[in-house]
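Chain residues, written in single-letter form:
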Amino acid sequence: MAAIYSGIHLKLKSAKTPWVDKLKLARFAWISHQCFLPNKEQVLLDWVSHALTGYYSKKLQFGGEIVEGLWSYLNDVLHSKKMQKLMEKGKIITIRFTIAQIINERISACSSEVPHKVDVSSLPMVLSCCQGILASPPFSIIYTSKSELLVDLLHKLCSLACRRLKSSEALHSTQLFDVLLLVFSQYLVTQRQQSNQSRIFQQVCSSLLQPFLLLRHLLSSRCWVDEDEVSVRQHLSREINSKIQVALQTGLFHVDLLNSYREELLQSNDSQGKKPSFSKGLAAPTETILLKLADAAFFSSDLHSAIVSSSVPMLYRLAVESYCKDENQLLCFHIFVRFLDCLRFPKEKSGGDGASVEWSHWLLALDQLLNLVFSSNIYNVSVDKIRCEGVQFARYSGVAEMLLTYPCPGTAAWFRCLRTLILLNHSIVEPSLDELVSLAWVDAEVGDPRVRRAQEALLSTLLETYTKLRQLPKLFKELQGIICRPAADELRQPILSIGLTGKLRQCLLEVTSSQIVDIWDLILESLEMQIDDLAGSSDAALKVLTMSILLHAILFNMKTLDDKAPVPVIRKTQVLMEKMARAVVVPLLQVGAGVDMGTSPWAVRARSAGLILSNAWVEVDHMLRLNCGKYVSPAGQAGRAGTDSWNHSCLLPWVGLAEWKAMAQAPLPDGELSRHFLQLLSLQKMKRILMEPGDKTETDLPSLRAAAASVVSSGRAAVGSIGARGWDGELSTLNGETYGVAHWHLLTTNLPLLVPFLLREEVTYLAEVVITSLLQKGTGEVGQDEGSLLSIPAMCQSLFSSELLPEIQPLHHAILLGLTQRVRGLTAAPRAELPTGLQLARSDPDEEHRGCSNWGLLFSPQDSSLLDAQSMFSSVKVSPLLTLPEERLDLLSQILDLLSTLRLDCLSNADHLQCFLLLVSLITTLKPSCEKSNISKYLQVLDKCYFLLTVLLTGANEKAVFRLAHAGNILEKVLAPLFLISSELSPSLESPAWSELLHTLQCFLSSFIQKIVERKQSMCLNLEQIITFLSNSWEKAMAKEERKIVAEQLLVVALLTLSCVVRTALQQTEKSRHKSRALPPLLTQLTGLLGSVLQSHFDRGGLDQSFSVPCVTALLEAELCPREEQSDGTREERIPDKEGLKHSDLYQSICSQVLHHLATSAHDLEPLQKQLEFLQVFCSSSELCSDRNVKTGIPSILGAVKTMLAAPWMTSPFVRSLDSQLIGLLTCMSERCTDHQFYLLVKSITQGIEVVNLWKGRHPDVVSSLILTTTLLKCSSRENAEKTLWFAVPQIITALLALCKKTALDEHLGFKITLLSLEALAVLIQQGEGMLSNPHHVTLAFDALLCIPLDQLKLDEYAGVFQAIHEVLFSIIQSQPKVLFNAAPTFLKCFNRLVLSVVHKGRQKAAGEKGMTMESKVILECARLVERMYTHIAAKPEEFAMFSAFMVAEYINELQKVTLNADVKKLLAAGVYHLLDLVTENDLRFLNASLHLGVREVFKELYGDYVRYHKSKRQGEEEYTA
């Protein structure tokens, strides 16, 4: 061994040994157990450290491969498990400080502009060694003991990371950032441990501040690519950014440095003459930080402005978070001033792109700074004015002046800065309010949506501020002054947007009426002044139009005056109305008379302004007439309206007829506003005529028709134009592109007013627009929705699905007619196929003149159209079938979707019948092609047709359908095409569309046959006809094999539905002798046919279980139904059934399959329910379920059910969903059993819940037996069976108690058995009311509840067990009052466990605990159960009054130990309030005397809330209780 030691040691130290051999020897010595060296690990670590130190100090020379090998060897040593185990055992191994210096130097070399190749290749190993050193506390001491080395390492790593981020190369590795994060964590620990904060400040400022800020900027601004490592971008960058902020806040803005900042920034002028104070703090820390920020040489000139603008708000936020407390707001303001000066806003903006980008950076920083000032409450207006002589106000005013001197309305930050200044103090911007309104509102050119939102926020704040100050007229005075200035160009931005109009509406509702009148008067004066210079002036016309739109918005959104308004305000309003009409409206309408509108844009604007104000005047005048009795209209009692649509003299009598006619007939290029408001005036005219008292004259109706027609026709071309854009609802955005949408919005919002006076062609036009828009929207031919903008398709969709459309009968009818005509156009169906009398688009000259007020077509038995319709069903012969291509099928499907959206239950008799015949025509006309995709689309069309037929059968006018023909003929007509094309449908049997069609067809048949039974007219004849038709269809299908499969499924659905309806009718009409004699033969005939079809299908194996089991169940129910009728009849009519069930073999076969499936495989819920329902019907037959049939007898069925319930996939929610089926099955089994058989059944179940099964590992048997026990207790059995069951109850209770105790001791058994045991116990106690004679059996339940642990359960388990225990306690308190009287203390002991559990789990969570949403919901639900139980306890004062004080004391004691969640505490307190209702004065004295001091305070608070919130309310309720 000595030889080995001396040899290796000498060779490692020998200069003659090659370095390659030395590395091999060192690796061998490290890993070999045969090499015994004293302190071998330390020796080898020192050797490699010495070798690296010698190489980098130029004392040793060897190649790059040896250098990489040495670093690799050091890395392997540092990360080896051997080293970790030695460290864990406490062995002292150190590493030289020179290694730390070398690592720092290598990282620094790699971060240089041109790194050496050797350094780059060895960098991963260097970083790995650095990571190994810092991750090990004994090694990391070389950095932590010399903080300069750690700071230097952090500086070098940040520089290296910045160099990597600046390069365009992808970041494929996270190693550098992982090491950087580790160094950050180590540095933060060291930083917190140091006590000299001035030294830390100097370290951070001198070495770390600039690299930190550069790294932070590069991480946030790098253009990441897909090749970059995802974790760097998503996780590590955020973590590093967070660490940077923590390091800067601790280093630069520590609490110990507060005095240094105060000495620098808060030295008053009075102290300048005094001797300087010799402080141990820093000198000018803010200036030191700002000097580092101003060093452009470190950051490079292209990045300097961006880094400063992003860093200054962050640094200021850190300062505010550290110092903005304890009356340090003035200090934070001065820090704000110094940082603001650091931004160095340029004195003026140059036109270059670089300058504009730099300016936007400064504005973003200023926005964040001002937000921090506002959110931190740094500026207090009163304190600043009284104590500080307005220093803050002066500074903020300077900022506002700078912003308005150099406006930048293309940047959102500019608007946000001004908004924050207004929020700080409106007086800051008030001296320059005119400039603010001009630059930010009237003359601002804003195109970017984000900038527009910022502008709206600023203007909304401005309106809101002046509204609160009650100075809104002052703001509008400035606004109208800016509008009246000469415009910079013709393309001014709209004065109002949709958001700003909404804010204006809110503000106008808050101000007084006198202020609104002042604003009104102000705008009218400006309009009068502009009208004098209007002729020929485009600029004046633009100003007039802008102010008209503004005044229109004010008048439409202000509060209406009523009789309670002050008389001076009413008088001034009346004066303004007359002034507006005579001095503004009439001159504006007359100023363009005789001027060519095509060559005079100013005249078009003037006329638009006049019409806008005309409409506003008429609307306000109308509202004042209705609401204010003291108001006298300047128009007086205007004359009757003329019959001409352009005549609006009844609204504005000051405008002559010639002028109205000229406005209506003159062509207006770009006159969309004028046309829009002419339509609105027409609507006002219609309202005025309709609201006039007295009888209508002969001219009123023509006037209404002419006005309605003009409104519809004036925008017809615009609605149909392709280039219509969305409209936001503002008048300022109404132009040639949005006029179509605006016109359609006007029409749809006034349809109830317009439609009664429109002719058929006009209503048809409206319906065509609706249908075309909806079909284009469905096919995607229209553009995408433009956010919140109005569009024609969206309005049509809203109208189509609204409740209003059925009330507008003419339009509803026209839409239905348009859809049916489109269907005919698609199918090219001959019109003779449908009754000609039902074509509702007939031309009747009298009806054309009557308008649309009485559209509708009623039927009479003698109507020829009804005879035509009847001829359609006189023969079942189908017309030649038509095949449609897929495109037409898609369009037809869309039209049928629209029909289903249309309210078909509100149709008239004629429309109802028209729609029904159309659908029947589709079914009888169409057929699929041989392509699979075509068949699928055809099936979808059929599905929608049958669905719509079902809807029509449930409508108000369904009787019209049965007047056409016999119900049997109609049903034959509808079903016959399916059998004719059954061969074409066979390829689609596996598609979802086929199963959906079968389901819809079943619903249709059920509704149709149910109507036949309910109508009681030729019921048996119709049913016989349907059965005959189905029988003939079956015979025809048997002849052709390719039709057979589809026909069988169709027949099964039809016969199944028919038998179910007939059987239900037979059961419901037992008292009617006639029906009881007629229906059983029909049912027998149905069962025979259905049985043969099913048997044929089963022989071929065509039906799956999900379809076959319900069919066989219905067949068996139908076969058993006549037997029941025979057994319920008189003695003479009771005929013994010697033949028995006709399809017993089929039932036995299905039963065997069902039992096999139950015991072998997992199931979906619905098929499983159907299978259990079949077993229930099967057990109800003594012939099928008897002792002779061993495979399908009761023991076999019970065994299969137990196996199913024991399956691992059988969850608790699944069992609850099967509850009704299991109860029905066990009820049938108990009724079918003899007494001995039932005893054996109960014995089998009770033996399964014995605890011995758990010992033997039969847990699934216990689970299934518990479920069956619970279910059996819920069943209603005959008397003998009930006695047998309750004789076994003591054994059941004992077994349940044993199970609870066993599962409480053994966690591996899970909580499922515990939960099922508690559920069985609760049901047993509920059902045992009056049956459990021995109270001891009930008290055993308390033992079961007390042994169940609540602390160690998972969240879902806890909720289930808690609810189960509560259910047992609730069952005892409700169903066993005698037991409760003697066992109240035990009951309360069990309940108190629930209370304590909720209190402990309902504590408030710590700030760092997340993801508690689900747990909070569970605990809240448990607390709600506790509150409910408190209520039940308080409702039984005889049993619990004497214990109420103790229960309150228990709750208070636990409450004092934890801090409850507020919602949980509220629920528990509400429950305890009910207990306090039982507490007497003596109990209160007892509680106050016995409770400890801290607990007593909690009780006093609780009792005070009880008196305040609960007791007073209860006493108030008792006062009004009889």
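Residues numbered from 1 in each chain as written. Predicted model: local features only at pLDDT ≥ 70, side-chain atom pairs only at ≥ 80, totals over all residues. Heavy atoms only, no water.

*Asks:* Sorry, what's going on with the nonpolar core here?
*Replies:* For soluble globular proteins, the rule of thumb is that nonpolar side chains tend to be buried together. Core analysis: the largest hydrophobic core is formed by 520 residues, its most contacted members being Leu248, Leu252, Ile289, Tyr316, Phe1387 and Tyr1451. Broken down by element, the residue count for this core peaks at 14 residues, all from helix H49 (residues 1041-1068). Not counting chain neighbours up to four residues away, the residues in contact with Tyr316 comprise Cys332, Phe333, Ile335, Phe336, Phe339, Leu369, Leu372, Val373 and Ile378. (Core = buried A, V, L, I, M, F, W, Y, C linked by side-chain atoms within 4.5 Å. Buried < 20%, exposed > 50% of the residue type's maximum accessible area, 1.4 Å probe, protein only. Helix = DSSP H or I, 4+ residues; strand = E, 2+ residues; numbered from the N terminus. Contact = heavy atoms within 4.5 Å.)

*Asks:* I would appreciate a short explanation of empty space enclosed by the protein in the present structure.
*Replies:* Where empty space is left in the structure can be found by rolling a water-sized probe over the atoms. The tally for this structure, following the rule as stated, stands at five cavities of 30 Å³ or more. Looking at the second largest cavity, the residues that line it are Ser513, Ile516, Val517, Trp520, Met558, Lys559, Leu561 and Thr573. Looking at which element gives the most residues to the lining of the second largest cavity, the answer is helix H26 (residues 513-532), with four residues. Residue composition of the lining of the second largest cavity, by class: five nonpolar, two polar and one charged. (1 Å grid on protein atoms, 1.4 Å probe; cavity = no way out; pocket = protein on both sides within 12 Å on 5 of 7 lines; lining within 4 Å. Points joined across faces, edges and corners; volume = space filled by probe spheres on them. Nonpolar A, V, L, I, M, F, W, Y, C, P; charged D, E, K, R; others polar.)

*Asks:* What is the right way to read unusual backbone geometry from this model?
*Replies:* As a rule of thumb, non-glycine residues mostly have phi less than zero, and peptide bonds are mostly trans rather than cis. With a phi angle near 55°, Ala284 is a residue other than glycine that sits in the positive phi range. On the secondary structure map, Ala284 appears in the loop between helix H13 (258-265) and helix H14 (285-293). A positive phi angle, near 60°, is found at Glu389, a position not held by glycine. Classification of Glu389 by relative accessible area gives exposed; the value is 75%.

*Asks:* Mind showing me how you'd approach the packing of aromatic side chains here?
*Replies:* Between two aromatic rings, the relevant description is the distance of the centres plus the angle of the planes. The final tally for this structure, using the stated rule, is 30 aromatic pairs. When the ring of Tyr261 is compared with that of Tyr323, the centres are 5.5 Å apart and the planes differ by 55°; the resulting orientation is tilted. Taken together, the residues span a long stretch of sequence, with Tyr261 in helix H13 and Tyr323 in helix H16 (residues 301-323) at a distance of 62 residues. Measuring from centroid to centroid gives 5.9 Å for Phe336 and Tyr396, while their planes differ by 50°, and the two rings are tilted. On the criterion of sequence distance, the pair formed by Phe336 in helix H17 (residues 329-343) and Tyr396 in helix H20 (residues 391-405) is long-range, its members being 60 residues apart. The structure contains a cluster of three or more aromatic residues connected by ring pairs, namely Tyr316, Phe333, Phe336, Phe339, Tyr379 and Tyr396. Sitting above the plane of the Tyr739 ring, Arg675 keeps its charged end 5.0 Å from the centroid. (Phe/Tyr/Trp six-rings, centres within 6.5 Å; stacked < 30°, edge-to-face > 60°. Lys NZ or Arg CZ within 6 Å of the ring centre and 35° of its normal.)

*Asks:* What is the right way to read the packing of helix H12 (residues 230-252) against H16 from this model?
*Replies:* A packed helix pair is summarised by two numbers, namely the angle formed by the two axes and the spacing between the axes. Contact geometry for H12 and H16: axes closest at 10 Å, N-to-C directions at 55°. In terms of their interaxial angle, H12 and H16 are classed as oblique. In terms of crossing hand, the pair formed by H12 and H16 is right-handed. Mapping the contact onto sequence places Gln245, Leu248, Gln249 and Leu252 in H12 and Met314, Leu315, Arg317, Leu318, Glu321, Ser322 and Tyr323 in H16. Partitioning the contact of H12 with H16 into residue classes produces six nonpolar, three polar and two charged. (Axes fitted to C-alpha atoms, helices over the stretch in contact; angles between N-to-C directions. Parallel < 35°, antiparallel > 145°, perpendicular 65-115°, else oblique. Left-handed = near helix turned anticlockwise from the far one by under 90°.)

*Asks:* Quick question: what am I supposed to make of the side chain of Gln392 here?
*Replies:* Checked against the element boundaries, Gln392 lands in helix H20. Aside from chain neighbours lying at most four places away, what touches Gln392 is Leu330, Phe333, Ile378, Tyr379 and Asp384.

*Asks:* Help me understand the environment of Phe1287, please; the structure alone is not making it clear to me.
*Replies:* Note on placement: Phe1287 falls in helix H60 (residues 1279-1287). Using a relative accessible area of 69% as the deciding quantity, one classes Phe1287 as exposed. Residues Phe1287 and Met1331, spaced 44 residues apart in sequence, show a C-alpha to C-alpha distance of 9.9 Å.

*Asks:* Quick question: what am I supposed to make of the packing of helix H54 (residues 1194-1205) against helix H56 (residues 1219-1232) here?
*Replies:* Contact pair H54 / H56: the axes reach a minimum separation of 11 Å and the direction vectors enclose 155°. Considering their axes alone, H54 and H56 lie roughly antiparallel with respect to each other. The way H54 lies across H56 gives a crossing that is left-handed. Judged by residue contacts, Ile1194, Ile1197, Leu1198, Val1201 and Leu1205 of H54 engage Leu1222, Leu1225, Leu1226, Met1229 and Arg1232 from H56. Among the residues making up the contact of H54 with H56, the classes are represented as nine nonpolar, no polar and one charged.

*Asks:* Would you mind showing me how to read a nonpolar patch on the surface here?
*Replies:* The grouping of Leu626, Leu690 and Met691 at the surface amounts to a nonpolar patch, some 280 Å² of accessible area in total. As for its placement among the helices and strands, Leu690 is situated in helix H31 (residues 672-691). (Patch = residues over 30% accessible without salt bridge, like charges linked within 9 Å, V, L, I, M, F, W, Y side chains within 5 Å. Areas by Shrake-Rupley, 256 points an atom, 1.4 Å probe, with all protein chains shown as cover. Salt bridge = Lys/Arg side-chain N within 4 Å of Asp/Glu carboxyl O.)

*Asks:* I tried to follow the pattern of salt bridges on my own but got confused; where do I start?
*Replies:* A pair can form between side chains of opposite charge whenever their charged atoms are brought close. Applying the stated rule across the entire model yields 29 salt bridges. For Arg582, the salt bridge identified is with Glu578, shortest N-O distance 3.3 Å. On the criterion of helical spacing, the pair formed by Arg582 and Glu578 is a turn pair, its members being four residues apart in helix H28 (residues 567-590). Arg582 sits in the partly exposed class, given a relative accessible area of 45%. Ionic pairing is found between Glu672 and Arg675, a salt bridge with its closest N-O pair at 3.9 Å. Here Glu672 pairs with Arg675, and both are found in helix H31, just three residues apart, close to one helical turn. Among the charged side chains, a network of salt bridges with common partners joins Glu264, Glu287 and Arg338.

Functional significance is not addressed by these values, which are geometric in nature.
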